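# A structural walkthrough
Below are the chains, spelled out letter by letter.
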Amino acid sequence: MGPLRESRYPTVAELVFSARALAIQWPGLCTLRQVGTSRGGRPLHLLSVGRARHAVLVVAGAHANEPAGNGTLLALARRTLLERELRDGVSWHFLLCADPDGASLHVTPAPRSLYDYHLGFFRPAGPEQPEWAPSVLPADRLPPETRALTGVIDELRPFLQVSLHGTDLGGSWVQLTRDVPGLAEPFAKSAAELHIPVETGASDAAGWPASGPGVHVMPAPEAAPAYPSLSDDARHSTWYHAHRYGGLTAVVEVPMWASDLVDDPAPHPAPDTAMHTLAERLLRDADAVRHVLEDVRPGPPPAEADGPLLRAATWVLELVPGLAADLVRTPPADGTRAYVGSVDAFARRVPLRAAAMLRRALRDTDAQAAARLDRLVAHWSDAFATRFRARWVPVRHQVEHQSRTVVAAARQARVGST
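Report on the accompanying structure. Please read all numbers here as calculations on a predicted model, not as lab measurements.

The helix and strand tally for the chain stands at 12 helices and 10 strands. For 418 residues, the compact-globule estimate of 2.2 N^0.38 gives 22 Å, and the C-alpha radius of gyration of the chain, at 21 Å, lies within 12% of that figure. Taking all 418 residues of the chain together, 57% fall into the buried category. Split by element, the accessible area of the chain, about 16,800 Å² in all, is 54% carbon and sulfur. The averaged location of the 45 negative side-chain charges in the chain is 5 Å from the averaged location of its 43 positive side-chain charges.

Structure below.
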């Protein structure tokens, strides 16, 4: 994995600065306004291009550790301003960052390696994630970021909401809350042109029907989840909020580092055995992190808040036993090498992220524990990159692929909404 040479991801502050400049440059067409405030008092901004009733809403920064969406959002805003046909009967609205508090804690805008990326890693616990909070919290406890996002959806009633996501290592895929016929072809063409693998068996969409390679459509409500232990359910997230107005949501994922192992549709020779092996490694790696935490703080964690890094690390570790059991008890949702590879990556990610955030939480109070965790982060990052033959995807390619996919989704969804 070579160093990042060509550019870096824009920060939220840079994104807001650029959005203000666009609003000043295009005053009759472009507006920027505040639509909410985070728990930490940070503003949430919405950039709007055009005033047509038919609306597309693009959301960036729902996950703090997925920075490609910042560049994509800005590129899309500029493109909609410059290309009149994109505004033909359609207004475009861009939520600059759904979780500015989280973005302030993830601090690797220009990672040189997976290890470097994890040194500044942060992803909040599930109940603190704006899009996922409604699936795990009652309505009266939703964070203000979630209420701001759903408020924007209520106001705009978009025929399409697009949430810009990313993965550290793997391929690109799309998750749809309702099918968008015709999207699979331009999505695949873009990925091929930019040398980005398509993640045909994404574990995030395990068991979902596909309308084309890497384009997954959310199953019916009665469908059983692939991982029953996970409490969050996409069908209760903000992705579904647009459905009350006849709209749908597309989640566009793009990798920072690519791996050709996640787009191999060939049958895996022994998927059940592989799942047992991955479950055992997941438990073993999580135990290594948990032992460090127990040495630092014996006994169960206190009920009071411990800070976002420690809360997130503890939450991740609590997911592991159930997830490992799911991998063993539940038949593989897909028997391909691509799916087993995607689950392998997922099972590596979980303890690695817990170790990375716990390391950051302890580095100023327990240097010895932080050093133990640093060794785990370094070893697991290198093993992850080596196993998957990771290759860096230039930032401009990440942004271009996401942008093309969003535009294609808007065009095809508009056809279906008229």
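Once you've had a look at it, read on.
With the rule as written, the count across this model stands at 21 salt bridges. Linking Glu155 and Arg33 is a salt bridge whose minimum nitrogen-to-oxygen distance equals 2.6 Å. Here Arg33 lies in strand β1 (residues 30-37) and Glu155 lies in helix α6 (residues 144-156), a separation of 122 residues in the sequence. Here Arg290 makes a salt bridge to Asp287, at a shortest N to O gap of 2.6 Å.

With that settled, the discussion passes to the pairing of strand β4 (residues 90-95). Burial runs high along β4: 6 of the 6 residues are buried. Residues Val90, Trp92 and Phe94 point to one face of β4 and Ser91, His93 and Leu95 to the other, with burial holding for every one of them. As defined by bridge partners, strand β2 (residues 43-49) adjoins β4 across 4 bridges and the pair is classed as antiparallel. Residue pairing for β4: Val49 is matched across the bridge by Trp92. Of the strand pairs in this sheet, strand β3 (residues 54-59) and β4 are connected by 6 bridges, and their pairing is parallel. Across the sheet, residue Val56 finds its bridge partner in β4, namely Trp92. Chirality of the crossover, the property in question, places the unit of β3, helix α2 (residues 68-82) and β4 among those that are right-handed.

Now for the nonpolar core. Ranked by size, the top nonpolar core spans 108 residues in total, and within it Val58, Trp92, Phe94, Leu160 and Val289 carry the most contacts. With residues near it in sequence (within four places) discarded, Val289 still touches Leu317, Pro351, Ala354, Ala355, Leu358, Leu373, Leu376 and Trp380. In this structure, Leu44, Ala98, Val152 and Ile153 belong to the second largest nonpolar core, which totals 15 residues.

Here the focus is the environment of Asp204. One can find Asp204 in the loop between α7 (184-193) and β7 (210-212). What makes Asp204 partly exposed here is its relative accessible area of 42%. Considered as a pair, Asp204 and Ala286 are 82 residues apart in the sequence and their alpha carbons are 20 Å apart. Excluding anything up to four places from it in sequence, Asp204 contacts Trp173, Gln175 and Glu253.

Moving on: α7. All buried positions along α7 are accounted for by Ala184, Phe187, Ser190 and Ala191. Mapping the buried residues of α7 onto a view down its axis gives an arc of 135°, with all of them on the same face. Across α7 from its buried face, at more than 90 degrees, point the exposed residues Glu185, Lys189 and Ala192.

What follows deals with the pairing of strand β9 (residues 248-258). For β9, the tally of buried residues reaches 11 of 11 residues, placing the bulk of the element in the interior. By the bridge criterion, 4 bridges tie strand β6 (residues 173-176) to β9 in an arrangement that is antiparallel. Across the sheet, the residue bridging to Val174 is Val252, located in β9. As paired elements, β9 and strand β10 (residues 391-392) share 2 bridges and run antiparallel to each other. Within β10, the position partnered with Trp257 by the bridge is Trp392.

This next bit is on the packing of aromatic side chains. The full count for this structure, using the stated rule, is 7 aromatic pairs. Note on Tyr117 and Phe121: the rings are 5.8 Å apart at their centroids and 75° apart in plane angle, and the pair reads as edge-to-face. You can call Phe121 buried: its relative accessible area is 0%. Among the aromatic residues, ring-to-ring pairing joins Tyr117, Phe121, Trp257 and Trp392 into one connected group.

The subject of this paragraph is unusual backbone geometry. Not every positive phi belongs to a glycine, and Arg157 is a case in point at roughly 50°. Along the chain, Arg157 falls in the loop between α6 and β5 (160-170). You will see that Arg389, though not glycine, has its phi angle at about 50°, which is positive.

Within the secondary structure, Thr146 sits in helix α6. Side-chain polar atoms of Thr146 contact the backbone oxygen of Pro130, separated by 2.7 Å. In contact with Thr146, not counting residues within four places along its chain, are Gln129, Pro130, Ala133, Pro134 and Thr238.

This next bit is on helix α8 (residues 271-296). In this model, α8 (26 residues) spans 38 Å end to end at C-alpha, consistent with the 38 Å of a helix rising 1.5 Å per residue. Those residues of α8 that sit buried are Pro271, Ala274, Met275, Leu278, Ala279, Arg281, Leu282, Asp285, Ala286, Val289, Val292 and Leu293. Its buried side turned inward, α8 meets α9 (308-329), α10 (337-362) and α11 (367-387).

Thresholds, definitions, all that
Residues numbered from 1 in each chain as written. Predicted model: local features only at pLDDT ≥ 70, side-chain atom pairs only at ≥ 80, totals over all residues. Heavy atoms only, no water. Helix = DSSP H or I, 4+ residues; strand = E, 2+ residues; numbered from the N terminus. Rg over C-alpha atoms; globule rule 2.2 N^0.38 Å. Buried < 20%, exposed > 50% of the residue type's maximum accessible area, 1.4 Å probe, protein only. Areas by Shrake-Rupley, 256 points an atom, 1.4 Å probe, with all protein chains shown as cover. Lys, Arg positive; Asp, Glu negative; His and termini not counted. Charge placed at Lys NZ, Arg CZ, Asp CG, Glu CD. Salt bridge = Lys/Arg side-chain N within 4 Å of Asp/Glu carboxyl O. Pairing = 2+ DSSP bridges. Right-handed = clockwise from strand over helix to strand, strands pointing away. Core = buried A, V, L, I, M, F, W, Y, C linked by side-chain atoms within 4.5 Å. Contact = heavy atoms within 4.5 Å. Arc of directions from axis to C-beta. Phe/Tyr/Trp six-rings, centres within 6.5 Å; stacked < 30°, edge-to-face > 60°. Polar contact = N/O pair within 3.5 Å; in protein donor to acceptor, adjacent residues only side chain to side chain. Expected span 1.5 Å × (residues − 1).

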